Amino acid sequence: MVISVNRDNLKKASKKPASSTSIHLLPSAEKLCQRHFEEWRNSGVMPEIINLNVQSLAGQQIIDHLNLNSLPPFRLGNWATVIKGGWRCGSHFKPDTPRQDYQRKRTIKYEKALKTASEPVLLKLPEEVWRAIANKYDVVKPGDMDGWEWIKANPIIPVAVAESVKKAGCIISQILMPCIALNGHTEAYERDGDVRFKEFLHAERDIFICFDQELKSSVAKQVARTIKGIGWRLNPKDENGKKIKPLAKLNICRWFYQLKGIDDVWSTEGTEAVKGIFNSPVPWSRWVDTSYSLLDQEPDIKFCSKRWQPCEIPEDAQLVVAVGGKGTGKTWFSSQQTKIANENKIPSIVSTHRIELSQALAKTLGLTYIGDLEENTKEAKNITLVIDSLRLDKIN
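Now for a look at the structure at hand. In this text the structure is predicted, and so the values were computed from the model without any measurement.

**What about the packing of helix 7 (residues 165-175) against helix 10 (residues 271-279)?**
Remark: helix 7 packs on helix 10, axes separated minimally by 10 Å, with the N-to-C direction vectors making an angle of 100 degrees. Relative to helix 10, helix 7 is oriented roughly perpendicular. Residues Ile171, Gln174 and Ile175 of helix 7 pack against Thr271, Val274, Lys275 and Phe278 of helix 10. Partitioning the contact of helix 7 with helix 10 into residue classes produces four nonpolar, two polar and one charged.

Rendered as structure tokens:
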């Protein structure tokens with residue numbers, strides 16, 4: 001099918017007579033096509049929530065939704081693949097065939113309407129879901145009251161914030177926690193203003209930030225910067241720099257699976273894994289930016305478990321980097337490697353940044369702390385030391 005877009009309805013690039021530009025498009029879509037429905041189901045969203053919120057679009061529907069009528073005709077071709085089809089939920093639109101940003105070398109997965117401010121999406125929920133939320137948090141919901149207004153009025157009910165409508169739908173469906181959907185983490189707050197979910201803030205309310213766990217350090221740094229911006233806004237200071245009462249109880253969701261989004265966690269690890277993440281978030285007061293510690297390299301060996309597992313290290317590996325959160329078993333892994341080295345009479349040197357840590361690791365790993373050697377350190381084979389001690393005149 002070909003839809004002809006009349007240039008009279010577009011912003012004029014010049015005063016030439018009206019003509020038309022043609023783009024090959026699919027017919028206007030049905031309310032919700034099966035592949036879009038399955039995409040949402042594969043993210044763990046209830047069918048009832050999908051049917052209330054998601055619509056398939058094609059052709060002129062997409063042009064109208066994204067406000068592409070305001071484009072000069074010569075630029076409309078850049079959206080040729082986008083216009084073919086996709087799904088809409090609120091102000092969010094995901095094309096089946098996304099555009100490419102060749103300058104930034106990335107795929108534009110989601111589109112937003114031109115010249116229109118991006119607003120968070122509050123998903124429509126069936127009344128039975130609102131009742132289930134009310135039962136979970138033991139709060140009565142009047143039958144004639146809008147669900148989201150009811151949430152605002154009851155700070156005992158926590159609220160999550162996610163990066164997309166699908167992830168918000170997953171959180172609501174799997175753990176019955178109200179979730180606000182942003183069009184990307186960068187839409188969390190105005191540059192010099194408030195967060196975009198300020199109507200839900202209350203000193204007694206728990207806010208859960210559930211952004212993607214990015215494996216690429218450049219993107220992870222951007223996400224961390226957004227989390228800091230939220231934290232500073234929710235934990236303001238007075239004119240003298242002293243902390244005042246927080247606007248909400250801020251919690252950061254984190255996980256150590258090699259999985260990007262919370263819906264990926266659900267599809268791979270199940271509902272219990274999602275519950276575990278929300279049951280053990282990091283409070284803002286204890287949150288640490290770890291984005292600068294990412295290696296920008298795909299791991300050769302991954303463990304989808306809470307702790308390190310036995311594994312074989314390739315014999316030709318000259319450098320092995322172990323990455324894991326606190327309590328995941330990095331020290332246990334090191335002890336296994338030093339044990340193997342001792343059995344094969346291979347020297348082991350463990351270097352740390354603190355004397356106390358080196359002394360403790362010496363006991364744990366069955367090595368000798370360099371400070372306990374009176375002399376002949378050059379002949380030492382299995383030791384722990386502080387990095388400052390690693391000098392050619394002390395260790396051969």
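**Re unusual backbone geometry**
With phi around 55 degrees, Lys115 is a residue other than glycine that occupies positive phi space. What makes Lys115 exposed here is its relative accessible area of 70%. Positive phi, close to 55 degrees, is recorded for Leu176, a residue that is not glycine.

**Describing the pairing of strand 4 (residues 86-89)**
For strand 3 (residues 55-57) and strand 4, the ladder comprises three bridges, and the chain directions are antiparallel. For Ser56, the partnering residue across the bridge sits in strand 4 and is Trp87. Where strand 4 lies against strand 5 (residues 92-95), four bridges are found, and the strand directions are antiparallel. Counterpart to Trp87 in the pairing with strand 5 is Lys94. Where strand 4 hands over to strand 5, the hairpin turn is made up of two residues, of which Gly90 adopts a positive phi near 65 degrees.

**A look at the layout of surface pockets**
Taken as a whole, the second largest pocket encloses approximately 1600 Å³ of empty space. Forming the boundary of the second largest pocket are 35 residues, of which Arg106, Glu163, Gly184, His185 and Thr186 lie nearest the centre. Counting residues per element, the lining of the second largest pocket draws most heavily on helix 8 (residues 217-234), at five residues. Split into classes, the residues belonging to the lining of the second largest pocket amount to five nonpolar, ten polar and 20 charged.

How each quantity is defined
- Residues numbered from 1 in each chain as written.
- Predicted model: local features only at pLDDT ≥ 70, side-chain atom pairs only at ≥ 80, totals over all residues.
- Heavy atoms only, no water.
- Axes fitted to C-alpha atoms, helices over the stretch in contact; angles between N-to-C directions.
- Helix = DSSP H or I, 4+ residues; strand = E, 2+ residues; numbered from the N terminus.
- Parallel < 35°, antiparallel > 145°, perpendicular 65-115°, else oblique.
- Contact = heavy atoms within 4.5 Å.
- Nonpolar A, V, L, I, M, F, W, Y, C, P; charged D, E, K, R; others polar.
- Buried < 20%, exposed > 50% of the residue type's maximum accessible area, 1.4 Å probe, protein only.
- Pairing = 2+ DSSP bridges.
- 1 Å grid on protein atoms, 1.4 Å probe; cavity = no way out; pocket = protein on both sides within 12 Å on 5 of 7 lines; lining within 4 Å.
- Points joined across faces, edges and corners; volume = space filled by probe spheres on them.

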